[in-house]
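# Coordinate analysis (summary)
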Amino acid sequence: MYPAGEMDLEKSNIKDDETSPSSGSASSSEPSLLKPKPFELTADRDLLPEKTGTRVTRYLQFNFFTTYRKIFTVIFTANLITFVAFIAKTKGAPLATDVASATSANLMVAILFRQENFVNLVYEIAVCVPHSLPVWIRRRLAKVFHYGGAHSGSGVAAVVWYILYTALATRDYVNARTGDALASLITSYVLVTMFCLILASAHPRFRVMFHDYFEAGHRFAGWTALLTFWTHNILAANASRKLEGIPLGLYLIRSPNFWFLCISTSCTFLSWSRLRHREVYPEILSDHAIRLHFKYRPMQPFYGLKISDRPLAEWHAFATIPDEDENGKINGFSVVVSNAGDWTKKTILNPPNKLWIRGYPLHGLLYTSCLFKRIVVVATGSGIGPCLSLLYANVTPRRVLWSTPHPEVTYGPKIMNAVLRADPDAIVWNTRTLGRPDMVALTYQLVLESKAEAVFVISNPKVTRKVVYGMETRGIPAYGAIFDS
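Calculation notes
Residues numbered from 1 in each chain as written. Predicted model: local features only at pLDDT ≥ 70, side-chain atom pairs only at ≥ 80, totals over all residues. Heavy atoms only, no water. Helix = DSSP H or I, 4+ residues; strand = E, 2+ residues; numbered from the N terminus. Rg over C-alpha atoms; globule rule 2.2 N^0.38 Å. Buried < 20%, exposed > 50% of the residue type's maximum accessible area, 1.4 Å probe, protein only. Contact = heavy atoms within 4.5 Å. Pairing = 2+ DSSP bridges. Axes fitted to C-alpha atoms, helices over the stretch in contact; angles between N-to-C directions. Expected span 1.5 Å × (residues − 1). Polar contact = N/O pair within 3.5 Å; in protein donor to acceptor, adjacent residues only side chain to side chain. Phe/Tyr/Trp six-rings, centres within 6.5 Å; stacked < 30°, edge-to-face > 60°. Lys NZ or Arg CZ within 6 Å of the ring centre and 35° of its normal.

### Notes on the overall build of the chain
- For the chain, the helix and strand inventory stands at 17 helices and 13 strands.
- The C-alpha radius of gyration of the chain comes to 25 Å, within 12% of the 23 Å expected for a compact globule of 485 residues.
- For the C-alpha atoms alone, the extent of the chain along its principal axes is close to 80 × 55 × 40 Å.
- Buried positions account for 50% of the 485 residues belonging to the chain.
- In the chain, the share of contacts with a sequence separation of at least 24, taken over all contacts with a separation of at least 6, comes to 75%.

Quick look at the structure:
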């Protein structure tokens, strides 16, 4: 999220994610057939209109009340209404079975919004509308990539519901101390511990500072919670079915908990059942970047994948780029990896021959560009990698602004050619010769020139937030990745 003190993101002092490359050339053998055209575009802030509203109202509208937080709030409010309905139903404390069902339902929703096929379906529904719809509708549908708010909102609600359930289970055990009640209570406290561990490790600050620990905690605590949930559900069902005098199997199939858990478990198994060790064909671009090619399947544009060399420890998501054979037919895909951390640096210095792939290819932010008639694509440094899929698709007319040091040396002629084929008039800003540009002013000028309906930004967090804020506060739909979803 945004720091509370950053009232006006556009005025913050920001550096992009550029890294100085070595003087050596890229290893790609393809000649640089295309060269960026000379341009006279300069950052003219006099062309920028005044931002809407006041400093405080802009902060509230564009920084604090994000779509992510709005979705989170809607889900939490719906759960609060359900809680009030449960109290009204019993005219007192809600029934433990109702609270358990609410927990399972929220857990199922949280897991669904991390299941690739379900998320892809949500994207397909959002982008299927025609361009004839007003921009104010399409610009809101393009916010579908904030679906992480549904995941976190449901997850937090599930924990709150389960703490309440544990309190009710404790009360019931104190009133009637039986073996079944004790076993159910023990599993309840194990679950509360796992849920609290997951919530604590998912805090944005912790995720940034200790990302590997976040991943491990989220994964292993989640698996433990799911197994414990099944154990608890069967123990509680067995105790309840004795009171009703019916078989355990009949009680389970009548219980919403059972079906919610079946869906949650299926989503988890489905993702990991697709775990494969795939061959990789590395293409060294420079000492700052590498392109990893995969040949096991053709990949259409607008998808991303998770890859890893240690599948139980860490995963890294990358946007994929379709690869073509000599006949122009898609015969694989690739990802561009730039030096941005320990794992990426290791991958560049020691190119892998095999990597693990998990889950189904997943749509991402740039897929929503299909909602607009014309767009401006803004990238800095290695942010051009995810954009190559959009440029390859050639679905939406676009202008490109790419700010990076020595683009041909760092990323090679193939990537430069791909950018210039997609937009022959692309603004390729070499920061080593031209200095750092005013990204907001340049983006706004491209929007005016091309009459674009929206702007898509792929960069580091600070540049992304600055450009998105600079456009949104001037009435232009702008979208950038969420870094804490």
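Moving on from the coordinates now.
### Describing the pairing of strand β9 (residues 375-380)
- For β9, a buried count of 6 out of 6 residues is recorded, marking the element as mostly surrounded by other parts of the structure.
- Neither face of β9 is exposed, since Ile-375, Val-377 and Ala-379 on one face and Val-376, Val-378 and Thr-380 on the opposite face are all buried.
- Pairing analysis gives 5 bridges linking β9 to strand β12 (residues 454-458), with the strands arranged parallel. Counted as the bridge partner of Val-377 is Phe-456 from β12.

### Considerations on the sheet that holds strand β4 (residues 304-308)
- Taken together, the 4 strands give an open sheet; going across it, the order is β1-β8-β4-β5, and neighbouring strands pair in antiparallel fashion. Each edge of the open sheet carries a strand with a single partner, namely β1 (276-279) and β5 (316-319). Strand-to-strand twist of the sheet, defined as the mean angle between neighbouring strand axes without regard to direction, takes the value 45°.
- Taken together, the 4 bridges between β4 and strand β8 (residues 354-362) define a ladder with antiparallel strand orientation. Bridging from a neighbouring strand, Ile-307 pairs with Ile-357 of β8.

### Some details on helix α16 (residues 439-450)
- Given a rise of 1.5 Å per residue, 12 residues ought to cover 16 Å, and the 16 Å separating the end C-alpha atoms of α16 matches this to within 8%.
- Of all 12 residues making up α16, 10 are buried, and the element is well covered by its neighbours.
- Residues Met-439, Val-440, Ala-441, Leu-442, Thr-443, Tyr-444, Gln-445, Leu-446, Val-447 and Ser-450 constitute the buried set of α16.
- Those residues of α16 that are buried lie in contact with β9, β10 (398-404), β11 (427-430), β12 and α17 (461-472).
- Positive backbone phi, at 55°, marks Lys-451, one or two positions downstream of α16.

### Here's the deal with the side chain of Thr-103
- Tracing the backbone through its elements, the reader meets Thr-103 in helix α3 (residues 96-112).
- A distance of 3.0 Å separates a polar side-chain atom of Thr-103 from the backbone oxygen of Val-99.
- Reaching out from Thr-103, the side chain makes a polar contact with the backbone nitrogen of Tyr-162 at a distance of 3.5 Å.
- Not counting residues within four places of it along the chain, the set of residues in contact with Thr-103 comprises Ala-158, Trp-161, Tyr-162 and Phe-229.

### Focus on unusual backbone geometry
- Notably, Asn-394 is not glycine yet its phi reads approximately 55°, a positive angle.
- Look at Lys-451: it is not a glycine, yet its phi comes out positive at around 55°.
- A relative accessible area of 71% means that Lys-451 is categorised as exposed.

### Considering the packing of aromatic side chains
- Taken as a whole, this structure holds 30 aromatic pairs when the rule is applied.
- Ring plane angle 85° and centroid distance 5.1 Å describe the contact between Phe-113 and Phe-118, whose orientation is recorded as edge-to-face.
- A ring pair is formed by Phe-220 and Trp-223, whose centres lie 5.5 Å apart and whose planes are at 85°; its orientation type is edge-to-face. One end of the pair, Phe-220, and the other, Trp-223, are both in helix α9 (residues 211-244), 3 residues apart, so they sit about a helical turn from each other.
- Of the aromatic side chains, those joined through ring pairs into one cluster are Tyr-123, Tyr-147, Phe-302 and Tyr-367.
- In this arrangement the basic side chain of Arg-297 is found over the ring face of Tyr-360, its NZ or CZ atom lying 5.9 Å from the centre.

Functional significance is not addressed by these values, which are geometric in nature.
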